[in-house]
Amino acid sequence: MRFARYEAHGEIAYGVVKGSTVKQLTTTPFEDYEVTDHEHGLDEVRLLAPCTPSKIVAIGLNYASHLGGREAPKVPEPFLKTPSSIINPGDTIVIPREAAEVQEEGELTVVIGKRCRGAARADALSYVLGYTCGNDVSARQWQRGDLQWWRAKSSDTFAPFGPFIVTDLDPGDLHLQARTNGKVVQDSSTSDLIHDVPSIIEFVSRVMTLLPGDVIMTGTPGQPGYLEPGDTVEIEIEGIGVLSNPVASE
Ligand code: MG
């Protein structure tokens, strides 16, 4: 199943995508919904970030290829991104005036489907609705220099995700690519995750309740590139699609 959140004729709705059309749901995919006969062409709607999380949990240092000589963490290394940093597919990533060395981070992004506290690894995936593409946009100078990553990771526009939530994928074996202006910058598989999705959910939900619609960005592989005004950055994950965002300066 492929869920979208979209705006059509000034109204926001969730829908199920089949081919090039989307059929509206009676409510959100996190509740008991029915699929209505109300249908749009995907080209007639504006796709939005596919859910509205109470929080974004992001995992640092989760691919060996991204460690750059640092030791692999023994447990997942979560941090938080704010909901106010979310933008929609196609929206512009705006580099703040004082930020330097801004990079994309293409990441498999988990969407939690039901309230989750104290999940065991064995049943952790039963709390997942599906998966989407995320871009954990990062300002490296702030990331190095500040005590907290509040602006390095949560400046406005620093959390694009979408375009769809796709169910029934194996999160442990998906091809992931980040491209800037069509040039491949990151190219990996989620089979290279150090801490896999069940481990992350178990570790985080031990102390923090995950709510329906919450989002986990699982970490980024390789060496991201620098984003410049005028660029277009794309994150593509096998079976999900392409998240594309232009870049501008403030
Ligand atoms: Mg990241």
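Since the structure is predicted, the reported quantities are computational estimates derived from the model, not experimental observations.

## Describing the layout of surface pockets
Moving on, step 1. Space inside the largest pocket adds up to approximately 490 Å³.
Moving on, step 2. Of all the secondary-structure elements, those providing two or more residues to the lining of the largest pocket are β6 (56-60), β7 (77-81), α1 (140-145) and α2 (150-154).
Moving on, step 3. It is β7 that contributes the most residues to the lining of the largest pocket, 4 residues altogether.
Moving on, step 4. Grouping the amino acids of the lining of the largest pocket by side-chain chemistry returns 9 nonpolar, 11 polar and 7 charged.

## Here we look at the coordination of the magnesium ion
Moving on, step 1. The coordination sphere of the magnesium ion, as far as protein atoms go, consists of E105 (OE), E107 (OE) and D136 (OD), spread over 2.0 to 2.1 Å.
Moving on, step 2. The sequence motif formed by the donor residues of the magnesium ion is E-x1-E-x28-D. This pair shows no difference in class: E105 is buried, exactly as E107 is.

## A word on the pairing of strand β15 (residues 175-180)
In summary, the side chains of a regular strand alternate between the two faces of the sheet.
Moving on, step 1. Of all the 6 residues making up β15, 5 are buried; the element is thus mostly covered by neighbouring parts of the structure.
Moving on, step 2. Bridge analysis of β15 against strand β16 (residues 183-189) gives 6 bridges, and the strand direction is antiparallel. Considered in β16, the bridge of R179 is made with V184.
Moving on, step 3. In this structure, the hairpin formed by β15 and β16 is closed by a connection of 2 residues, where N181 is found at a positive phi of approximately 50°.
Moving on, step 4. Relative to strand β18 (residues 232-237), β15 runs antiparallel, the two being bridged by 5 bridges. The residue bridging A178 from the neighbouring strand is I235, located in β18.

## Quick look at unusual backbone geometry
Moving on, step 1. In this model, G162 is joined to P163 through a cis peptide bond whose omega is 0°.
Moving on, step 2. Tracing the sequence through the fold places P163 in strand β14 (residues 159-166).
Moving on, step 3. In this structure, E101 is a non-glycine residue whose phi angle is positive, near 60°.

## Description of the domain arrangement of the protein chain
The parts lose accessible area when they come together, and the size of an interface is often stated as this lost area.
Moving on, step 1. In terms of domain boundaries, the protein chain breaks down into domain 1 (2-47) and domain 2 (56-249).
Moving on, step 2. Taken over C-alpha atoms, the centre of domain 1 sits 25 Å from the centre of domain 2.
Moving on, step 3. On the domain 2 side, the residues contacting the 9 residues of domain 1 number 16 residues.
Moving on, step 4. Buried surface at the junction of domain 1 and domain 2, both sides included, amounts to about 980 Å², of which 62% is carbon and sulfur.
Moving on, step 5. Of all residues in domain 1, the largest losses of buried area upon contact with domain 2 belong to R2, F3 and F30, amounting jointly to 63% of the total for that side.
Moving on, step 6. Applying the counting rule to domain 1 against domain 2 returns 1 salt bridge.
Moving on, step 7. Ionic pairing is found between D91 and R46, a salt bridge with its closest N-O pair at 3.9 Å.
Moving on, step 8. Among the elements that make up the side of domain 1 that touches domain 2, the one with the highest residue count is strand β1 (residues 2-8) (3 residues).
Moving on, step 9. Within the side of domain 1 that touches domain 2, the residues separate by chemical class into 7 nonpolar, no polar and 2 charged.

## Side note on the side chain of T109
Moving on, step 1. Along the chain, T109 turns up in strand β11 (residues 106-112).
Moving on, step 2. Here the side chain of T109 touches E107 through a polar contact of 3.1 Å, landing on its backbone oxygen.
Moving on, step 3. Ignoring sequence-local partners within four residues, the contact set of T109 consists of G130, Y131, T132, C133, G134, V215, I216 and M217.

## Describing the pairing of β6
Moving on, step 1. In terms of residue burial, β6 counts as a mostly covered element, since 5 of its 5 residues are buried.
Moving on, step 2. Neither face of β6 is exposed, since I56, A58 and G60 on one face and V57 and I59 on the opposite face are all buried.
Moving on, step 3. Examined bridge by bridge, β6 and strand β17 (residues 215-217) share 3 bridges and lie parallel to one another. Bridging across to β17, I56 finds its partner in V215.

## Section: helix α3 (residues 197-205)
The α-helix advances 3.6 residues per turn, and as a result positions three or four apart in sequence lie on the same side.
Moving on, step 1. With respect to burial, α3 is a largely interior element, 7 of its 9 residues being buried.
Moving on, step 2. When we look at burial in α3, the residues that qualify are V197, P198, S199, I200, I201, V204 and S205.

## Some remarks on the sheet that holds strand β19 (residues 241-249)
Sheet strands pair via backbone hydrogen bonds, and the direction of the pair is either parallel or antiparallel.
Moving on, step 1. Taken together, 5 strands build an open sheet; the order of strands is β9-β19-β18-β15-β16 and the sheet is mixed. Pairing within the sheet leaves two strands with one partner each, and these edge strands are β9 (93-95) and β16. Between one strand axis and the next, the sheet turns by 20° as a mean value, whatever way the strands run.

The rules behind the values
- Residues numbered from 1 in each chain as written.
- Predicted model: local features only at pLDDT ≥ 70, side-chain atom pairs only at ≥ 80, totals over all residues.
- Heavy atoms only, no water.
- 1 Å grid on protein atoms, 1.4 Å probe; cavity = no way out; pocket = protein on both sides within 12 Å on 5 of 7 lines; lining within 4 Å.
- Points joined across faces, edges and corners; volume = space filled by probe spheres on them.
- Helix = DSSP H or I, 4+ residues; strand = E, 2+ residues; numbered from the N terminus.
- Nonpolar A, V, L, I, M, F, W, Y, C, P; charged D, E, K, R; others polar.
- Donors = N, O, S within 2.8 Å, 3.2 Å for Na, K, Ca; no water.
- Buried < 20%, exposed > 50% of the residue type's maximum accessible area, 1.4 Å probe, protein only.
- Pairing = 2+ DSSP bridges.
- Domains from an automatic or database assignment.
- Contact = heavy atoms within 4.5 Å.
- Buried area = accessible area lost by both parts, 1.4 Å probe.
- Salt bridge = Lys/Arg side-chain N within 4 Å of Asp/Glu carboxyl O.
- Polar contact = N/O pair within 3.5 Å; in protein donor to acceptor, adjacent residues only side chain to side chain.
- Axes fitted to C-alpha atoms, helices over the stretch in contact; angles between N-to-C directions.

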